[in-house]
Amino acid sequence: MHLFLTDMKQQNGMWIIDEERVVYHCVRVLRLKVWDLLEVQDKAIGYRQGEFVLRRVVRVVSVWPFLSVSIESEEKINCDGSGVCMAVAIPNNSKKLSMIVQKLTELWVEKIVFWSAEYSQLTVKKIWWKLSKLSTVALEACEQSRRSHVPLIVFADDLWKNLEEDENNVLICFDQDGVTGIWWSKEKNQIVWWIVGPEWGFSPRDREWLSKIWSRSVSLWKTILRMETAAIVGAWSLVHRFV
């Protein structure tokens, strides 16, 4: 059964779904008919420790110009997350942004920050207009993977201002010269940040200031990984170990 993260409204005693994206997908793609079933969940954006959202099974009553539905059943879904956040340098090819967001969302990353490293060829000013599209990519990835909440997506000129300034958090920097393997234990409610550099690696200046704040420098494998590969493999390694 297909899941949609959208808000339902009450109108004239009926529940309706009028978000254009959802209506189009149900009518034109899934070709839902009257009495077909689907799942609808309230939108939840960001890390919500201990909170719940409602996920409902609804039956289609009419399909145009919006979806009218009746609620068949509902359940509370826990919004507890992985506690893993990713800071990924802006790739030189902006087409990689969507793929990175999609995969990190599926892997349950809580927050994705794209930051301008010294060797980044693209800047926040050149890609800021993609934020709305990336938010939609993350939303649809949540629906496909049946994730309970959407990650926050941020563009940052200054990475440090977007890192959680909490001594209890762990900052891990992916570096080919770092130690191999993720071997420590994460404490309860601790946030782990995974920092990935650009295609050409960290500059001496980036490496200098990062070395002052990172908790560990980690190498994932013997070979040099592309930055998008490092982001995805790093996320899987952290979430697999800590969730």
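Just so it is clear, the structure is predicted and the values come from calculations on it, not from any experiment.

A. Up close: the nonpolar core. Within the largest apolar cluster, 35 residues are counted, with the highest numbers of intra-cluster contacts made by M86, V88, V101, L104, F114, L134 and V196. The dominant element in this core, judged by the number of residues it contributes, is helix α7 (residues 227-242), at six residues. In terms of nonpolar packing, the next biggest core, distinct from the first, is built from 16 residues, A87, A117, L159 and I191 among them.

B. Quick look at the packing of aromatic side chains. Within the structure shown, the criterion is met by two aromatic pairs. The ring of W108 carries the charged tip of R147 above its face, separated from the ring centre by 5.2 Å.

C. Main features of the sheet that holds strand β4 (residues 37-41). Ordered by their spatial adjacency, six strands build an open sheet running β1-β4-β5-β6-β3-β2, and the pairing between neighbours is mixed. Sheet topology places β1 (3-5) and β2 (9-11) at the edges, where each strand pairs with a single neighbour. Neighbour-to-neighbour, the strand axes of the sheet open up by a mean angle of 45 degrees, direction not taken into account. In terms of strand pairing, β4 meets strand β5 (residues 52-62) through five bridges, oriented antiparallel. Bridging from a neighbouring strand, L37 pairs with R59 of β5. Relative to the sheet, helix α1 (residues 20-29) contacts β1, β3 (14-17), β4 and β6 (67-78), its axis offset from that of β1 by approximately 165 degrees.

D. How the structure looks around the environment of Y24. For Y24, the position within the fold is in helix α1. Taking the relative accessible area as the measure of exposure, Y24 reaches 53% and is therefore exposed. Put simply, Y24 and L67 are 43 residues apart on the chain and 10.0 Å apart in space, counted from C-alpha to C-alpha.

Rules used throughout
Residues numbered from 1 in each chain as written. Predicted model: local features only at pLDDT ≥ 70, side-chain atom pairs only at ≥ 80, totals over all residues. Heavy atoms only, no water. Core = buried A, V, L, I, M, F, W, Y, C linked by side-chain atoms within 4.5 Å. Buried < 20%, exposed > 50% of the residue type's maximum accessible area, 1.4 Å probe, protein only. Helix = DSSP H or I, 4+ residues; strand = E, 2+ residues; numbered from the N terminus. Phe/Tyr/Trp six-rings, centres within 6.5 Å; stacked < 30°, edge-to-face > 60°. Lys NZ or Arg CZ within 6 Å of the ring centre and 35° of its normal. Pairing = 2+ DSSP bridges. Axes fitted to C-alpha atoms, helices over the stretch in contact; angles between N-to-C directions. Contact = heavy atoms within 4.5 Å.

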